[in-house]
Amino acid sequence: MSAGPRTRVAILISGRGSNMVSLIEAAKAPDYPAEIVLVLSNRPEAGGLAHARSVGIPAHAIDHTTFSDRATFDAALDAELRAADVELVCLAGFMRIFSAGFAEAWAGRMINIHPSLLPLFKGTHTHAQALAAGVRLHGCTVHYVVPELDAGPIVAQAAVPVRSGDDPDSLAARVIVQEHRLYPAALALVAGGRARLEGERVVIDDDRGAADAALLSL
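Since we're looking at a predicted model, the values are computed, not measured.

Reading guide: rules and limits
Residues numbered from 1 in each chain as written. Predicted model: local features only at pLDDT ≥ 70, side-chain atom pairs only at ≥ 80, totals over all residues. Heavy atoms only, no water. Salt bridge = Lys/Arg side-chain N within 4 Å of Asp/Glu carboxyl O. Helix = DSSP H or I, 4+ residues; strand = E, 2+ residues; numbered from the N terminus. Buried < 20%, exposed > 50% of the residue type's maximum accessible area, 1.4 Å probe, protein only. Expected span 1.5 Å × (residues − 1). Polar contact = N/O pair within 3.5 Å; in protein donor to acceptor, adjacent residues only side chain to side chain. Pairing = 2+ DSSP bridges. Axes fitted to C-alpha atoms, helices over the stretch in contact; angles between N-to-C directions. Parallel < 35°, antiparallel > 145°, perpendicular 65-115°, else oblique. Left-handed = near helix turned anticlockwise from the far one by under 90°. Contact = heavy atoms within 4.5 Å. Nonpolar A, V, L, I, M, F, W, Y, C, P; charged D, E, K, R; others polar.

A. Just the pattern of salt bridges, in detail. For the structure on display, the rule yields 6 salt bridges. Notably, a salt bridge pairs arginine 82 with aspartate 78, separated by 2.8 Å at the nearest N-O pair. You can see arginine 82 and its partner aspartate 78 sitting in helix α3 (residues 70-83), 4 residues apart, about one turn around the helix. Here arginine 82 falls in the partly exposed class, since its relative accessible area comes to 41%. Look at aspartate 78 and you get buried, because its relative accessible area is 17%. As a salt-bridge pair, glutamate 198 and arginine 196 come within 3.0 Å of each other at their nearest N and O atoms. One network of salt bridges, in which partners are shared, links Arg196, Glu198 and Asp205.

Okay, structure coming up:
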C-alpha cells in the first residue's frame, strides 16, 4: 500500500453502522490507504453517529425529513462532503436512494456494500429472496454506485453457504460477518489504487488484490 497521503473518506449511515465500525477499525492501521474524515446520517437518531464521535471522527445528521424533495437533500449532502474535502464516499447501510444528479456527480468516487451476490437479489429483504430462490450460495457485494439501484460495477464479493434450516435471520448473521471482512478489503483496493474502473468493469491490479476481492467462507 502507498505510504503517501491517504484517501479522505466519508461514510454515510442510517442506523447503527456496523459496517462503518469495521471501516473505522481498519483505518486505524498506519499503512491503510484510507482515512475516515467524516460520518453523515440522514437520521439524527442513528446510533453510529455516537460511535464515530467517540473515536474522534466528525459526525452529524442531515435530517432528510426537513427537506422538500430528494434533490434538495442531496444538494445539502453534497455540500457537506465537499466542505470536508472528501475524495471517496462509502455507503454503509445508508437507506436513501440518490437523485441521478448526485450519483453522477460522485460517479467513480462512491461505493456501497449490498447483502447479496449481485446482480442477484437487488433491493431489500435479500436474505428472504435468496431463500425463496433456493440458491446454495449467498453473500455480499461491494460495488460502485450508479443511478440505477444496486447496479454499479462490482469491486469485491464474499460468499457463504445457504444451509438446511436457514431462515432470513440466520443467513443474515452469516453474511454480516463477511460484510465486515469484505468492506475494509474493498475500500483498501479502491483507496490504494489497486482497483480501478475501466468502462463498466473494475480491474484489480495484482493477485493479492484479486484474492481480497473474492472471499469464500464455507
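B. The arrangement of helix α6 (residues 168-191) in detail. Here α6 contains 24 residues, and its C-alpha end-to-end distance of 33 Å stays within 8% of the 34 Å for a straight helix at 1.5 Å per residue. Capping the start of α6, aspartate 167 holds a side-chain oxygen 3.1 Å from the backbone nitrogen of aspartate 169, two or three residues further along. Backbone geometry just downstream of α6 places glycine 193 in the positive-phi region, at approximately 80 degrees.

C. View of the pairing of strand β8 (residues 195-198). The sheet contact formed by β8 and strand β9 (residues 201-204) spans 4 bridges and is antiparallel. Bridging from a neighbouring strand, leucine 197 pairs with valine 202 of β9. Linking β8 back to β9 in an antiparallel pair, the connection comprises 2 residues, with glycine 199 at a positive phi of about 65 degrees.

D. The arrangement of the packing of helix α1 (residues 18-27) against α6 in detail. Where α1 contacts α6, the axes come no closer than 9 Å and their chain directions differ by 45 degrees. If you check the angle between α1 and α6, you find them oblique. In the packing of α1 onto α6, the handedness of the crossing is right-handed. Here Ser18, Asn19, Ser22, Leu23 and Ala26 of α1 come into contact with α6, specifically with Ile176, Glu179, His180, Tyr183, Pro184 and Leu187. Classifying every residue of the contact of α1 with α6 by side-chain character gives 6 nonpolar, 4 polar and 1 charged.

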